[in-house]
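Structural features, examined
Here is what each chain is made of, one letter per residue.
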Amino acid sequence: MEKIKVLVVGNGAREHALSWKLSQSPLADKVYVAPGNPGMDIMTRLAPIDAEDIDGLVKFSKEENMGLVVIGPEAPLALGLADRLIEAGVKVFGPKAAAARLETSKSFAKEFMGRHNIPTAAYRTFTSAAEASRYLEEKPDGPIVVKAAGLAQGKGVTVAKNRAEALLAVKEMMEDKRFGEAGLEVVIEDFIDGEEVTVLAFTDGKTIVPMPPVQDHKALEESDTGPNTGGMGAYSPVAVYTPEVAALVETTIIKPTLEGLKADGIDYCGCLYFGLILPSANSAYKGPQVIEYNARFGDPETEVLVLLLKSDLTAIMLSCVEGRLAEQEVEWRDESAACVVLASGGYPGDYAKGKVITENVPSFVGASMAFHGGTAINEKGEIVTAGGRVITVAAKSTTLEKALDKVYARVEATFFEGRHFRRDIAHRELARRKGEK
Ligand code: GLY
């Protein structure tokens, strides 16, 4: 068996989780992460190249004879890193820029869904703030969703409780340019009340293999309140995502998406992220709906999924790149996993950096993982905070409750000034089990 070098592009907890799992493969000789962070340098090697330095990444991949490049974040996808690597003859897990438009342009994604009859909320797109505001004034007052059409680091979606909040979101995005160019076009869509579930899928463009369902907690504060973030914690599996729901999602969403990509002549190799909502019984919407696509692994969903994946991730990704996913084994552990994000105080707004991180992990916490995101090393050699989402603590066990106990024991033992985390990850699932919801 020929061993290969693998490069993971990115520096978040998602890339830490992916590189950790990839490095366990008998196929992987060395795993590099560019640029990575100090939490990753035990099993992997750091290459000091920015995730958006496309020329630098292509040059490094060629010089080091990378056998596989895995692109973590959306920005290098949007910049065409996959296209450039393919042109250079390098195997890459991650879609070309044209395919990544499913994530990088919300209006493109909505048109795609409309064209291929994929269930999603009714919407309108606007490039004029005055027209968007007029549209909101004409709609009945109530919850409504305003999305920046371009990339906004997971912060460009406002679930407005009423018209006033929606008008403010339009003003901030389109007039104040809160998200720069990304907010100059907005998508305004119906609010659908229900339960959000993420389903990620491996695909080589011919075959698509969904992963176990994950529920992310995007709101900053407990009970799903406060501003939207990139995600504050997650767990899997999710009981409301029953085998019947999974079958429905497969026939109404996942397969039509793959067929739609083929019909539109879009080659897609990589991970496709389906952000779904299962509407509540009193919603006008029936059956699972797509809230968003992403052209990459979710963060923090990935930190949970790598713990449940039994099969070899390097082999799965290579099978996608080589167009033979249909023959590849993709097996999952029959266990539960959960994760909690430790964020800097102030995130998703402004926050301080350089706070020293101390970890005093009790031995009984066992096989929990601390996947580093926004961390750096200071001049004294101490690990310090350097981003909004600092560390994602993850664990698996035979039950969700046991997995959460392990996670929270390690979370409590991981300290930095201003540390913020949610204490109620998986609250809906736990309440359902107690018969409260
Ligand atoms: N957790 C949400 C995302 O990755 O977009």
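As the structure is a prediction and not an experimental result, all values here were calculated from the model. (Residues numbered from 1 in each chain as written. Predicted model: local features only at pLDDT ≥ 70, side-chain atom pairs only at ≥ 80, totals over all residues. Heavy atoms only, no water.)

Every residue near the ligand is listed here: Asp216, Lys218, Gly230, Tyr273, Asn294, Arg296, Gly298, Asp299, Pro300 and Glu301. A distance of 3.3 Å separates an oxygen atom of the ligand from a polar side-chain atom of Asn294. Between the ligand and the protein, one listed contact pairs an oxygen atom with a side-chain N or O atom of Arg296 at 2.9 Å. Surface burial for the ligand is 91%, taken as the share of its 200 Å² of free accessible area covered by protein chains. Residue composition of the shell around the ligand, grouped by class: two nonpolar, three polar and five charged. (Near = heavy atom within 4 Å. Polar contact = N/O pair within 3.5 Å; in protein donor to acceptor, adjacent residues only side chain to side chain. Areas by Shrake-Rupley, 256 points an atom, 1.4 Å probe, with all protein chains shown as cover. Nonpolar A, V, L, I, M, F, W, Y, C, P; charged D, E, K, R; others polar.)

Before going further, it helps to spend a moment on the pairing of strand 15 (residues 233-236). Alternating positions in strand 15 separate into two faces, Gly233 and Tyr235 on one and Ala234 and Ser236 on the other, with burial throughout. In this structure, strand 12 (residues 215-216) lies alongside strand 15, joined through two bridges in antiparallel fashion. Bridge assignment links Asp216 to a residue of strand 15, and that residue is Ala234. Pairing between strand 15 and strand 18 (residues 336-343): four bridges, direction antiparallel. The residue bridging Ala234 from the neighbouring strand is Cys339, located in strand 18. (Buried < 20%, exposed > 50% of the residue type's maximum accessible area, 1.4 Å probe, protein only. Helix = DSSP H or I, 4+ residues; strand = E, 2+ residues; numbered from the N terminus. Pairing = 2+ DSSP bridges.)

Along the chain, Ala34 connects to Pro35 via a cis peptide bond; the corresponding omega equals -5°. Within the secondary structure, Pro35 sits in strand 2 (residues 28-35). Residue Tyr347 is joined to Pro348 through a cis peptide bond whose omega torsion reads 10°. The phi dihedral of Ser223 is positive, around 60°, even though this residue is not glycine. Topologically, Ser223 is positioned in the loop between strand 13 (219-221) and strand 14 (225-228). The class for Ser223 is exposed, based on a relative accessible area of 54%.

Function cannot be inferred from these measures alone, as they are strictly geometric.
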